[in-house]
Each structure stands twice: as C-alpha cells, then as structure tokens.
Amino acid sequence: MPNLLDDSNWLEFEKNHVWHPYAPLEGALPPYPVKNAQGVHLTLEDGRQLIDGMSSWWSVIHGYNHPVINAAAKAQLDEMSHVMFGGLTHRPAAELAARLITLTPEPLTRVFFCDSGSVSVEVAIKIAIQYWHSKGQPGKQRMLTIRRGYHGDTCGAMAVCDPETGMHHLFAEALPKHLFAEAPTVTKDAEWRDEDIADFRNLVKQNHSEIAAVILEPLVQGAGGMRFYAPEYLRQVRSLCDSYDVLLIADEIATGFGRTGTLFACEQAEIVPDIMCLGKAITGGYMSLAATLTTSEISQAISRNAPKAFMHGPTFMANPLACATANASIDLLLDSPWQERIARMSETFFEHLQPCQDWGGVADVRIKGGIGVLELEQPVDMPSITMRFVDKGVWVRPFGKLVYVMPPYIINDEELNSLLTAMTEAVAEELCI
Ligand SMILES: *Cc1c(COP(=O)(O)O)cnc(C)c1O
C-alpha cells in the first residue's frame with residue numbers, strides 16, 4: 001500500500017486520531033513533528049534544530065543515533081529481533097542479566113525482564129506478595145509508600161503513585177488501597193530532620209502484619225515533583241523494613257544508570273533493597289525494556305513453594321533486540337567518563353540556575369547530579385513557555401510549576417550553556433523579569 005497520508009495532511013490526521021501522554025485528544029496543543037535526531041539535537045520537519053534538555057524522559061543518555069548502539073541493534077536484527085522467552089532463551093538476555101548483576105549491589109542476583117517501567121513495578125509488587133505467600137504469610141498484601149511518588153501508569157503502579165497527582169479519586173474502585181506516609185522534606189544538602197520519618201515509622205509499626213513491601217524512588221522523586229531528599233531517610237526506611245519484616249522495593253527507573261552521580265541512587269545511602277526496578281536509560285533510550293532484580297532468598301522462596309513459579313510472563317519478555325541495545329548502552333556508559341560528565345553538568349547547572357533563586361516567582365532551585373530544576377511559585381503557561389523554548393532552539397518540557405532539564409550525558413559545554421541560557425531566558429520572560 002502506498003502512503004495513506006501526504007506531507008500536507010499527515011500532521012492534521014495525527015492530531016485528530018492519536019493520543020499523546022497526559023493530554024486530551026481533542027483540542028490539545030499540536031505536538032512538534034520530529035524528522036530525525038542526532039547527538040543532543042532534535043531536527044523538526046521544518047528544519048529547525050533543538051537542543052534536547054529532556055533525554056526523552058531520562059532515557060537517551062548517550063544522545064540520539066549513536067553509532068555503537070546502532071551497530072549493536074543492526075547486528076542483532078540480522079540474528080533475530082524477537083523470540084518468545086517461554087521455554088527458549090538467548091545470549092543477549094544472559095549477557096544483560098550478567099551486566100545488571102555485576103553493577104547492582106551484591107545480593108541482587110535474580111532478574112526478571114519486562115517491557116516497560118510500569119510493568120517492572122507491577123512485577124516487583126507481585127514478587128513481594130508472592131514471596132510472603134510462600135513464607136506462609138498470605139495476609140501481607142499491601143504496599144507502604146511515600147506521598148509525591150511516581151511509579152508508572154498501569155493500575156498496580158498507579159495505586160502507589162501520589163494519590164492527588166495520580167488522580168486516585170477517578171479510579172477509586174479500581175485501585176487497591178495502599179498506605180501513604182508523608183513525603184520527606186526536600187533538601188539540597190544531606191541535612192536530616194528526624195521528624196521526617198515519624199509518620200512512616202508509625203505506619204510500619206501499626207500495619208506491618210499486612211504490609212508486603214515498601215516501594216519508593218530512592219533520593220529523587222521524579223515525575224511526582226522533582227523532589228530530592230536526604231539519604232538518611234532511606235537508611236531509616238531500610239532499618240524499619242528489617243525490624244518489621246517488610247521488603248524494600250527501590251524504584252530506580254528514573255535514577256538508575258548514573259543520573260544522580262552514582263550508578264544507582266541507593267549507593268548514596270549505602271542501602272541495598274530487596275527488589276530493584278530498572279528501566280528508562282537501560283537501553284540508552286533505544287527500545288522499551290525494563291528489569292526487576294531481586295535476591296536469591298526471594299527467588300528460592302517463590303520457586304520452592306506452590307505454585308512453584310512466579311506468575312508473570314509478558315509476550316515480549318527479554319526481547320533480544322532490546323537486550324542487545326541495553327548491553328551496548330551499558331558498555332558505552334561504563335567506558336565513558338560519566339562521573340566527570342555528571343559533575344560538570346552539576347557545576348554548570350549551578351552557575352546558570354542558582355542566580356534564579358532570587359527572582360520573584362521562583363520558589364526553589366534544585367540541582368542533583370544531571371538534574372537541574374527551577375520550581376516556580378505558579379504553574380507555567382505551557383503553550384507560551386513551550387513556544388519560547390522552541391523559538392530559542394531548545395526542547396524543555398515543564399510540568400506544573402517545574403521547569404527542569406536532564407540532558408544526555410554527552411552534551412558538550414557549548415550546548416549545555418546554550419540550553420541553560422535559553423531555559424533561564426524563557427523563564428525570565430514568562431515571569432516578566
Ligand atoms: C517513568 C517511571 C516509571 C514508569 O516507567 P514507564 O516505562 O513509563 O512505564 C516508573 N517509575 C519511575 C520512578 C519512573 O520515573
């Protein structure tokens with residue numbers, strides 16, 4: 001069949017028929033059409049080039065169209081792009097498991113591959129529940145989490161997202177009711193306030209016989225508000241989980257693979273979770289892939305007790321093409337000076353963003369690793385600020401009061417300076433400064 005749409009009408013057709021994330025289908029702002037992408041640049045259909053400040057939502061850490069990952073994908077394509085994982089296996093999956101086990105803390109040695117971050121969270125929750133079932137404690141089925149979190153959009157994952165930003169009231173009858181502790185205070189340095197853990201401590205004490213696991217995003221609450229909190233909070237959570245027989249799930253889907261300055265955010269608190277979710281940057285943004293890691297203790301309990309299997313198995317589990325791109329992306333990361341790149345990004349964020357702290361209309365400036373955040377006092381006018389960013393040649397996608405960037409690690413000084421200059425200018429114009 002020839003193309004059904006031509007250059008003059010495909011965009012209009014798309015706008016009327018295709019959903020975009022968290023947007024209405026009728027009457028939404030039209031999306032910008034991207035023709036191709038290279039390095040840190042997105043090229044629009046009309047030829048304009050934008051410096052990407054978002055890494056396509058944390059994932060494209062090596063930039064677009066990377067020759068090494070391209071080559072790995074092409075080589076795998078010639079072998080096979082997919083084969084079912086039920087009863088069959090392949091080298092790329094084994095290689096990826098070996099890499100993940102080597103990189104993550106030692107007790108995490110068992111890997112479940114799935115196709116998106118949300119599904120890896122579903123898997124983590126199910127592993128925790130099935131573990132307690134295997135241990136003769138089927139009453140432990142609830143999750144305890146902290147407010148302002150984000151863990152994905154499927155129903156199980158959504159049920160542990162912040163109840164307000166996750167719009168739980170819309171789905172009230174469809175979602176399990178979990179326990180929510182007050183979110184820890186946002187900190188810039190590692191300052192610690194003991195009262196931060198009080199609500200969490202009470203909830204574990206009172207409900208531990210029903211709680212299968214605690215789930216949280218370590219150190220950085222991403223899509224729930226770009227909130228950074230103290231490592232001491234994580235240490236306290238770990239010790240409460242140990243005292244009350246509750247598993248700890250670390251959702252490192254956003255923080256994993258270097259973004260916060262360590263390979264995984266848990267390292268900064270020197271804690272080891274029982275279950276870890278990875279996604280987003282795992283393939284360098286090439287393919288949809290995620291993984292849930294756990295300990296041999298947990299995998300043995302599940303495997304040795306009825307039904308003697310973990311009850312989950314996506315069609316595209318451990319997709320070979322995705323695993324091959326992940327292997328290439330991880331090797332590229334480890335062979336690169338990523339710590340220096342993240343440290344330099346932090347310094348440059350500081351130079352450009354810290355002065356905005358004094359602007360009227362700016363509530364807070366936060367920088368952690370390769371994440372730079374301006375929190376405004378009022379929600380931004382999306383159409384207006386988006387147009388300003390595009391006019392200035394950058395791609396930045398705020399949400400609510402948050403204007404933030406997390407560029408590909410390979411961004412050079414000149415590109416980073418241009419990105420941040422455009423970011424602060426656009427914000428200044430919006431705030432009439
Ligand atoms: C993005 C994200 C998810 C969901 O991942 P998807 O691939 O979008 O399903 C879960 N947890 C965290 C912390 C995330 O940032």
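These lines cover the structure that appears in this document, whether it is placed above or below. Since the model is a prediction, treat every value here as computed from it, not as a measurement.

It is worth spelling out the pairing of strand 1 (residues 34-38) at this point. In the case of a regular strand, side chains alternate between the two sheet surfaces. Pairing geometry for strand 1 and strand 2 (residues 41-44), over four bridges, is antiparallel. Counted as the bridge partner of Ala37 is Leu42 from strand 2.

Turning to unusual backbone geometry, a few remarks are in order. Of note, the amide linkage connecting Ala306 to Pro307 takes the cis form, showing an omega dihedral of 5°. As for its position among the elements, Pro307 is in the loop between helix 10 (296-304) and helix 11 (320-335). Here the phi dihedral of Ser55 falls at roughly 50°; this positive angle occurs in a residue that is not glycine. The residue Ser55 is located in helix 2 (residues 55-58) in this model. Ser55 gets classed as buried once you look at its relative accessible area, which sits at 0%.

So, on to the sheet that holds strand 11 (residues 275-278). The strand order across the open sheet formed by seven strands is 4-12-11-10-7-5-6, and the pairing between neighbours is mixed. Looking along the sheet, the strands with just one partner apiece sit at the ends: strand 4 (108-114) and strand 6 (179-181). Direction aside, neighbouring strands of the sheet carry axes that sit 20° apart on average. Summarising the sheet, strand 7 (residues 211-216) and strand 10 (residues 247-251) pair through four bridges and their orientation is parallel. Its bridge partner lying in strand 10, Val214 is registered against Leu248.

Take the site of the ligand next. Near the ligand you find Ser116, Gly117, Ser118, Tyr150, His151, Gly152, Glu217, Asp251, Ile253, Ala254 and Lys280, and these make up its full shell. Contact between the ligand and Gly117: an oxygen atom at 2.9 Å from a main-chain N or O atom of the residue. Residue Asp251 places a side-chain N or O atom 2.6 Å away from a nitrogen atom belonging to the ligand. Relative to its unbound accessible surface of 380 Å², the ligand loses 83% to contact with the protein.

Counting residues in hydrophobic clusters, the biggest one holds 116 residues, and the most contacted among them are Leu100, Phe200, Phe257 and Val403. Among the elements that take part in this core, helix 5 (residues 117-134) stands out by supplying nine residues, more than any other. Counting residues domain by domain, this core receives three or more from each of domain 1 (10-62 + 337-430) and domain 2 (69-334).

Procedures and definitions
- Residues numbered from 1 in each chain as written.
- Predicted model: local features only at pLDDT ≥ 70, side-chain atom pairs only at ≥ 80, totals over all residues.
- Heavy atoms only, no water.
- Pairing = 2+ DSSP bridges.
- Helix = DSSP H or I, 4+ residues; strand = E, 2+ residues; numbered from the N terminus.
- Buried < 20%, exposed > 50% of the residue type's maximum accessible area, 1.4 Å probe, protein only.
- Axes fitted to C-alpha atoms, helices over the stretch in contact; angles between N-to-C directions.
- Near = heavy atom within 4 Å.
- Polar contact = N/O pair within 3.5 Å; in protein donor to acceptor, adjacent residues only side chain to side chain.
- Areas by Shrake-Rupley, 256 points an atom, 1.4 Å probe, with all protein chains shown as cover.
- Core = buried A, V, L, I, M, F, W, Y, C linked by side-chain atoms within 4.5 Å.
- Domains from an automatic or database assignment.

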